[in-house]
Amino acid sequence: MELPFAENYKIKMVETIKRSTREEREQWIKDAKYNLFNLKSNQVFIDLLTDSGTGAMSDKQWSELMLGDESYAGASSYYKMKDAITNILGFEYFLPTHQGRAAENVLFSTLVKQGDIVPGNSHFDTTKGHIEFRKATAIDCTINEAFDTENTHPFKGNVDLNKLEKVINEHGADKIPFIIITVTNNTAGGQPVSMQNLRDVKKLADKYTIPVLYDSARFAENAYFIKTRETGYADKSIKEIVREMYTYADMMTMSSKKDAIVNMGGFIAMKDKTLFEKASMFNIVFEGFITYGGMSGRDMNALAQGLKEATEFEYLETRIKQVEYLGKQLIDYGIPVQHPIGGHAVFINALKFLPNVPRNEFPAQTLAIELYKEAGVRGVEIGAIMADRDPVTRENRYPDLELVRLAIPRRTYTNNHMDYVAAALINVFDRRNAIKSGYKIIKEAEVLRHFTVELEQL
Ligand SMILES: *Cc1c(COP(=O)(O)O)cnc(C)c1O
């Protein structure tokens, strides 16, 4: 008999999670104004809201916490983090920040000004927020294949070079402070970017002397897909692939809550010393002194260890196979999901799942609420609510895809939990035709409204 795949870890500490009844959940979600971010964590049984900061640290990471050096300046923890960044990612200069959006705030304060254009593959919500907050414009140049959920292109995170060059020619290189590549492309469904594409974007950027920035939250998962899908990389280690990826970048921002497997943390890394010096000033103003930047010494230690673990093949294989395990059950039942299954999450195509709910009643949000009511599983809308209003016209923006994301925290749930989630979604799918109306917004913020939006059932 062929041996089945099994996780490359065993469990040393557990946390109890609580079941609830449908009646309780219906009341709780109503009290939460139908915004899943407003639920209390103990009102959720399986929490797939995000894979950000929700992973389980290893015994080695926990032991690193005890070795943290909390000196204000020059802590050994800072140098541990620096060594990990230099060795694994190949950058000489770096600044710690308290999380990924803080890295964006510091770096964009240095580089982005009013009227600028920032092209790339799909921008992450906080990244776009930080661009638009500075009255600059983010332009999505992702390949068209990404917007067809049935298409099985192996690298749907790729940048379309023609679209990119058109943007450069239209606006002029001097309006473009950098090109941003998000690895993996979260917004398009956790889809990877190929090494070839990273190389090609760098070549095009060099032609116009524009720097390249990687928004790097899931860089290790991206490397796993390069190893398993791209010709010429099967025999290379993840660490070798990661090193090559970053030879085509000038700088990076990182949310360490993803592929560094810590609960809080981030950083900026760059190759250029002058940029480092300019950004250092903003880091000191917004985050803290340059050798801690909003992080405790112990957290910098855990982060350094996390970077090492996340770039091991066995870890990534366990991680991505679990996401695939859930995705495959949904596909087998005919539930419309983004193909191929992404690195950190399964993305459900809500327009196909709930065809009777009009677009302006937010089908993805409606589906996320139904799933919560069904089984206490919390996912998140990646659709028109998250897309915010157009900053100029103030009209709702309807993105090409209207998705519900089920993000799987790293090393946290078992495959039994995945079976439970699949069954819950299948139950909702079976009664999908009876779901004919959605929600309307009664209160919203100007930017990043999905975090605090309040809704009313129609
Ligand atoms: C999470 C994330 C961010 C923002 O990081 P935070 O740590 O949540 O502030 C930026 N970009 C990408 C691609 C992310 O996944």
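Residues numbered from 1 in each chain as written. Predicted model: local features only at pLDDT ≥ 70, side-chain atom pairs only at ≥ 80, totals over all residues. Heavy atoms only, no water.

Concerning the pattern of salt bridges
Move 1: For the structure on display, the rule yields 30 salt bridges.
Move 2: Here E26 and R22 are joined by a salt bridge, their closest N and O atoms 3.0 Å apart. You can see E26 and its partner R22 sitting in helix 1 (residues 22–31), 4 residues apart, about one turn around the helix.
Move 3: Using a relative accessible area of 34% as the deciding quantity, one classes E26 as partly exposed.
Move 4: On the accessibility criterion, R22 (28% relative accessible area) is partly exposed.
Move 5: Put simply, D51, R218, E221, D259, R319 and R410 are held in one network by salt bridges that share partners. (Salt bridge = Lys/Arg side-chain N within 4 Å of Asp/Glu carboxyl O. Helix = DSSP H or I, 4+ residues; strand = E, 2+ residues; numbered from the N terminus. Buried < 20%, exposed > 50% of the residue type's maximum accessible area, 1.4 Å probe, protein only.)

Some words on the packing of aromatic side chains
Move 1: Throughout the structure, instances matching the rule amount to 18 aromatic pairs.
Move 2: Ring centres of F37 and F451 lie 4.9 Å apart, and the angle between their planes is 65°; this geometry places the pair in the edge-to-face category. Of this pair, F37 sits in the loop between helix 1 and strand 1 (46–47) while F451 is found in the loop between strand 13 (439–443) and strand 14 (454–457), placing the two residues 414 residues apart along the sequence.
Move 3: Note on F37: relative accessible area 28%, which makes it partly exposed.
Move 4: Between F353 and F429, the aromatic rings sit 5.0 Å apart at their centres with planes inclined by 65°, giving edge-to-face as the arrangement. One end of the pair, F353, is in helix 13 (residues 350–353); the other, F429, is in helix 15 (residues 415–430), and 76 residues separate them in sequence. Both residues of the pair, F353 and F429, belong to the buried class.
Move 5: Taken together, Y78, Y79, F94 and F267 form an aromatic cluster joined through their ring pairs.
Move 6: The residue whose ring lies beneath K271 is F91, and the NZ or CZ to ring-centre distance is 5.5 Å. (Phe/Tyr/Trp six-rings, centres within 6.5 Å; stacked < 30°, edge-to-face > 60°. Lys NZ or Arg CZ within 6 Å of the ring centre and 35° of its normal.)

Some thoughts on the site of the ligand
Move 1: In the region of the ligand, 15 residues are neighbours, and Q99, R101, D215, S255 and K258 sit closest.
Move 2: Between D215 and the ligand, the recorded distance is 2.8 Å, taken from a side-chain N or O atom to a nitrogen atom.
Move 3: In the model, an oxygen atom of the ligand is placed 2.9 Å from a nitrogen or oxygen of the R218 side chain.
Move 4: Relative to its free-state accessible area of 380 Å², the ligand is covered by the protein chains to the extent of 98%. (Near = heavy atom within 4 Å. Polar contact = N/O pair within 3.5 Å; in protein donor to acceptor, adjacent residues only side chain to side chain. Areas by Shrake-Rupley, 256 points an atom, 1.4 Å probe, with all protein chains shown as cover.)

Comments concerning the sheet that holds strand 12 (residues 403–407)
Strands pair in a sheet through their backbones, by hydrogen bonds, and they do so in one of two ways: parallel or antiparallel.
Move 1: A sheet is described by the order of its strands in space; here 3 strands give the open sequence 9-12-11, paired in antiparallel fashion. Strands at the two margins of the open sheet, each flanked by one partner only, are strand 9 (345–349) and strand 11 (380–382). For this sheet the average axis-to-axis angle between neighbouring strands, irrespective of direction, equals 35°.
Move 2: Pairing of strand 9 with strand 12 involves 5 bridges; the strand directions are antiparallel. Paired with F347 across the two strands is R405, which belongs to strand 12.
Move 3: Strands strand 9 and strand 12 of the sheet are contacted by helix 12 (residues 313–332), whose axis makes an angle of about 25° with strand 9. (Pairing = 2+ DSSP bridges. Axes fitted to C-alpha atoms, helices over the stretch in contact; angles between N-to-C directions. Contact = heavy atoms within 4.5 Å.)

Focus on helix 3 (residues 76–89)
Move 1: Under the 1.5 Å per step criterion, the end-to-end length of helix 3 is 19 Å for 14 residues, consistent within 8% with the ideal 20 Å.
Move 2: Burial in helix 3 covers these residues: S77, Y78, M81, A84, I85, I88 and L89. Projection of helix 3 onto a plane perpendicular to its axis shows the buried side chains occupying an angular sector of 125°, all on one side.
Move 3: Trailing helix 3 by a residue or two, G90 shows a phi angle of about 85°, which is positive. (Expected span 1.5 Å × (residues − 1). Arc of directions from axis to C-beta.)

Focus on the packing of helix 4 (residues 100–111) against helix 10 (residues 273–286)
Move 1: Contact geometry of helix 4 with helix 10 gives a least axis separation of 9 Å together with a crossing angle of 125°. In terms of their interaxial angle, helix 4 and helix 10 are classed as oblique. When the axes of helix 4 and helix 10 are compared, the crossing they make is right-handed. Along its contact with helix 4, which presents N105, V106, L107, S109, T110 and L111, the element helix 10 presents L275, K278, A279, F282, N283 and F286.
Move 2: Here the contact of helix 4 with helix 10 is built from residues that sort into 7 nonpolar, 4 polar and 1 charged. (Parallel < 35°, antiparallel > 145°, perpendicular 65-115°, else oblique. Left-handed = near helix turned anticlockwise from the far one by under 90°. Nonpolar A, V, L, I, M, F, W, Y, C, P; charged D, E, K, R; others polar.)

Thoughts on helix 4
Because each turn of an α-helix spans 3.6 residues, side chains separated by three or four positions end up pointing in the same direction.
Move 1: Taking 1.5 Å per residue as the helical rise, helix 4 with its 12 residues ought to reach 16 Å, and the 16 Å between its terminal C-alpha atoms agrees with that figure.
Move 2: Here helix 4 lies mainly inside the structure; 9 of its 12 residues are buried.
Move 3: Listing the buried residues of helix 4 in full gives G100, A102, A103, E104, N105, V106, L107, F108 and T110.

What to know about the nonpolar core
Move 1: Ranked by internal contacts, the top residues of the largest apolar core, which has 61 residues, are L89, F219, M245, Y246 and F267.
Move 2: The residue makeup of this core includes at least three contributed by each of domain 1 (22–51 + 314–457) and domain 2 (59–310).
Move 3: Setting aside residues no more than four positions away along its own chain, M245 makes contact with V183, M195, L198, Y214, F219, N222, A223 and I226.
Move 4: With 49 residues, the next largest nonpolar core counts I335, L367, V377 and V428 among its residues. (Core = buried A, V, L, I, M, F, W, Y, C linked by side-chain atoms within 4.5 Å. Domains from an automatic or database assignment.)

Some remarks on the side chain of D125
Move 1: The residue D125 is located in helix 5 (residues 125–133) in this model.
Move 2: No salt bridge is formed by the buried D125, whose closest oppositely charged neighbour, R101, lies at an N-O distance of 6.2 Å. (Lys, Arg positive; Asp, Glu negative; His and termini not counted.)

Brief notes about the domain arrangement of the chain
One widely used convention gives an interface's size as the accessible area the parts lose upon coming together.
Move 1: Entries for the chain in the domain assignment read domain 1 (22–51 + 314–457) and domain 2 (59–310).
Move 2: If you look at the interface, domain 1 gives 31 residues, while domain 2 gives 35 residues.
Move 3: Both sides of the domain 1 and domain 2 interface together cover about 2700 Å² of buried area, and 54% of this is carbon and sulfur.
Move 4: Where domain 1 packs against domain 2, one counts 7 salt bridges.
Move 5: Across the pair E221 and R410 runs a salt bridge whose closest N-O atoms are separated by 3.2 Å.
Move 6: Where domain 1 meets domain 2, there are 19 residue pairs in polar contact (both at pLDDT 80 or more). (Buried area = accessible area lost by both parts, 1.4 Å probe.)

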